[in-house]
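# Reading the structure
Take a look at the letters that make up each chain.
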Amino acid sequence: MLKPEEVATHFTDVALPYYKKLAARNLLVHGQKDVIDHRGDKVRVTGTLYKGSLTGWGSYTDRMGNKWQAWFYNDLKHGIGLVDQTTGIRQSGFVTNGQYHGPLTFWFSGSAY
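Right, let's walk through the structure included here. (Residues numbered from 1 in each chain as written. Predicted model: local features only at pLDDT ≥ 70, side-chain atom pairs only at ≥ 80, totals over all residues. Heavy atoms only, no water.)

Helix and strand counts for the protein chain come out as two helices and seven strands. Counting from the amino terminus, helix and strand elements in the protein chain follow one another as α-α-β-β-β-β-β-β-β. Sequence separation of at least 24 residues holds for 19% of the intrachain contacts in the protein chain that already meet a minimum separation of 6. For the protein chain, the accessible area works out to roughly 6,700 Å², and carbon and sulfur atoms hold 55% of it. (Helix = DSSP H or I, 4+ residues; strand = E, 2+ residues; numbered from the N terminus. Contact = heavy atoms within 4.5 Å. Areas by Shrake-Rupley, 256 points an atom, 1.4 Å probe, with all protein chains shown as cover.)

See the structure below:
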């Protein structure tokens, strides 16, 4: 079982091998981009961009104060994502083309933001 802090490394090494190729060729830049989240709200994501599109790990805070960390592809959350809710609950799951796909896991992280 992966620890939460190991998820990004595992996903990069195993599930997204092309990401490393882009990084090795210096084709990725770190920046910010405004996109529409799965609720239809505009959010500013800080993360990795490829040719102007969010591609790779990014993070943002939604309008309710929840802190998101997720993989993005073509400006949509796509892959593993984590949400630290303002209530202190951490949510983990998989997102495909910007929408939840499959089961979600919730646990109390012990501290609220």
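Under the definition given, this model contains three aromatic pairs. Judged by centre distance (5.7 Å) and plane angle (65°), the ring pair of Trp-57 and Trp-71 falls under edge-to-face. Here Trp-57 is found in strand β3 (residues 53–61), whereas its partner Trp-71 is found in strand β4 (residues 67–73), with 14 residues between them in sequence. Between Tyr-60 and Trp-68 the ring centres are 5.8 Å apart and the planes differ by 5°, which places this aromatic pair in the stacked class. Across this residue pair, the class does not change: Tyr-60 and Trp-68 are buried. Across from the ring centre of Trp-68, 3.8 Å away, lies the NZ or CZ of Lys-77, which sits over that ring. (Phe/Tyr/Trp six-rings, centres within 6.5 Å; stacked < 30°, edge-to-face > 60°. Buried < 20%, exposed > 50% of the residue type's maximum accessible area, 1.4 Å probe, protein only. Lys NZ or Arg CZ within 6 Å of the ring centre and 35° of its normal.)

Locating Asp-84 in the fold gives a position in strand β5 (residues 76–84). A polar side-chain atom of Asp-84 sits 2.7 Å from a polar atom in the side chain of Arg-90. (Polar contact = N/O pair within 3.5 Å; in protein donor to acceptor, adjacent residues only side chain to side chain.)

What follows is about the nonpolar core. Counting 10 residues, the largest nonpolar core consists of Val-35, Val-43, Val-45, Leu-49, Leu-54, Tyr-60, Trp-68, Ala-70, Phe-72 and Val-83. Contributions of two or more residues to this core are made by β2 (42–50), β3 and β4. The contacts of Val-83, once residues within four sequence positions are left out, are Asn-66, Lys-67, Trp-68, Ile-89, Arg-90, Gln-91 and Tyr-100. (Core = buried A, V, L, I, M, F, W, Y, C linked by side-chain atoms within 4.5 Å.)

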